[in-house]
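What the coordinates show
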Amino acid sequence: MELELTADADVELLLQPAWRCVVFHKQKTSARTRFLIQGRDVVFPAGLEEESSLTDAADPDAPAGNLLPHPAAGIASLAALLDLPPSVFRVEGAHLGRVVEDNLAPIWLVEVTTTDPPLEKALRMGGRFVSIMEARQASLIQRELLRRAYERVLG
């Protein structure tokens, strides 16, 4: 089967990596950190396949790629998913890594900056906020992302 592209925009769309993130909430008074999980997935808007592999964000030999979406590119859709204003989300530093099988899609770490985590809104979308220990059912690659995220959050 041959792929037929009709416009330069189609080519650009194929070359752009997808926007993905790990969402967390850190309690301001206790520093309790919880991650948003939906089913077994901690990566939004879609989880990762068990066979996926990641580059190390700090690895100088990791493929650089030509195109990276700006981390703010997916905030509007994440805000709509959780029914929150985009202003309550903050991208935390550089990406956690890139998915090799998905055109080197970066996975961003995104904080929900509300005073309390939006527990009811997460439930309405079929998710919940859990501690890192409660996310043991996530796939190995997603647990690796949680480890990287937790290390970054703790400083």
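Residues numbered from 1 in each chain as written. Predicted model: local features only at pLDDT ≥ 70, side-chain atom pairs only at ≥ 80, totals over all residues. Heavy atoms only, no water.

1. Let's talk about the packing of aromatic side chains
Cut-off, in case you're wondering: The criterion for an aromatic pair is that two Phe, Tyr or Trp rings (for Trp, the six-membered ring) have centres within 6.5 Å, with stacked assigned to planes under 30 degrees apart, edge-to-face to planes over 60 apart and tilted to the rest. Secondary structure is summarised from DSSP: a helix means a run of H or I of at least four residues, a strand means a run of E of at least two, and numbering begins at the N terminus for each. Buried means the residue's accessible area, taken with a 1.4 Å probe over protein chains only, is under 20% of the maximum for its type, while exposed means over 50%, and partly exposed covers the values in between.
Within the structure shown, the criterion is met by two aromatic pairs. When the centroid spacing of 6.4 Å and the interplanar angle of 45° are considered together, the rings of Phe 24 and Phe 35 count as tilted. With Phe 24 in strand β1 (residues 20-26) and Phe 35 in strand β2 (residues 33-38), this residue pair connects regions lying eleven residues apart in the sequence. Per residue, the accessibility class of Phe 24 equals that of Phe 35, and both read buried. Taking the centre distance of 6.4 Å and the plane angle of 55° together, the rings of Phe 35 and Tyr 150 count as tilted. Placement of the pair is Phe 35 in strand β2 and Tyr 150 in helix α4 (residues 140-154), with a sequence separation of 115 residues. Taking the relative accessible area as the measure of exposure, Phe 35 reaches 1% and is therefore buried.

2. Examining the pairing of β2
Applied cut-off: Strand pairing follows a simple DSSP-based rule, namely that at least 2 bridges must link the two strands.
Most of β2 is tucked away, with five of its six residues classed as buried. Where β1 meets β2, three bridges bridge the pair, whose relative direction is antiparallel. Looking across to β2, one finds that Lys 26 is bridged to Thr 33. A loop of six residues connects β1 with β2, the two strands running antiparallel in sequence, and Ala 31 in this loop sits at a positive phi of about 65°. Bridge count for β2 against strand β7 (residues 127-130) is four bridges, and the pairing is antiparallel. Its bridge partner being in β7, Ile 37 is matched across the sheet by Arg 128.

3. As for the confidence of the model for the protein
Just so we agree on the cut-off: Residue-level confidence of the predictor is summarised by pLDDT, bounded by 0 at the bottom and 100 at the top. Two residues qualify as a contact provided that any one of their heavy atoms is within 4.5 Å of a heavy atom in the partner residue.
Looking at the protein, the pLDDT average stands at 81 and 80% of residues meet or exceed 70. For residues 1-16, every residue scores under 50 in pLDDT, and the model assigns this stretch nine contacts once sequence neighbours within four places are set aside.

4. Looking at helix α2 (residues 75-82)
For the record, the criterion: Picture the helix axis, draw a direction to every C-beta atom, and the arc is the one those directions span.
All buried positions along α2 are accounted for by Ile 75, Leu 78, Ala 79 and Leu 82. Down the axis of α2, the buried set is contained in an arc of 100°. They therefore lie on one face. Residues Ala 76 and Ala 80 are exposed on α2 and point more than 90 degrees away from its buried face. Among the structural elements, β1, β2, β4 (89-91), β6 (105-112) and α3 (119-124) are those in contact with the buried residues of α2. The first or second residue beyond α2 is Asp 83, which carries a positive phi of 55°.

5. Let's talk about α4
Going by this rule: An expected span of 1.5 Å times one less than the residue number is assigned to each helix.
A rise of 1.5 Å per residue sets the reference length of α4, with its 15 residues, at 21 Å; its end C-alpha atoms lie 21 Å apart and thus fit the reference within 8%. Buried residues of α4: Ile 141, Gln 142, Leu 145, Leu 146, Arg 148, Ala 149 and Val 153, and no others. For α4, the buried positions fall inside an angular range of 165° around the axis, keeping them on one side. Exposed residues pointing more than 90 degrees away from the buried face of α4 are listed as Leu 140 and Leu 154. The elements touched by buried residues of α4 are β1, β2, β3 (43-44), β5 (97-99) and β6.

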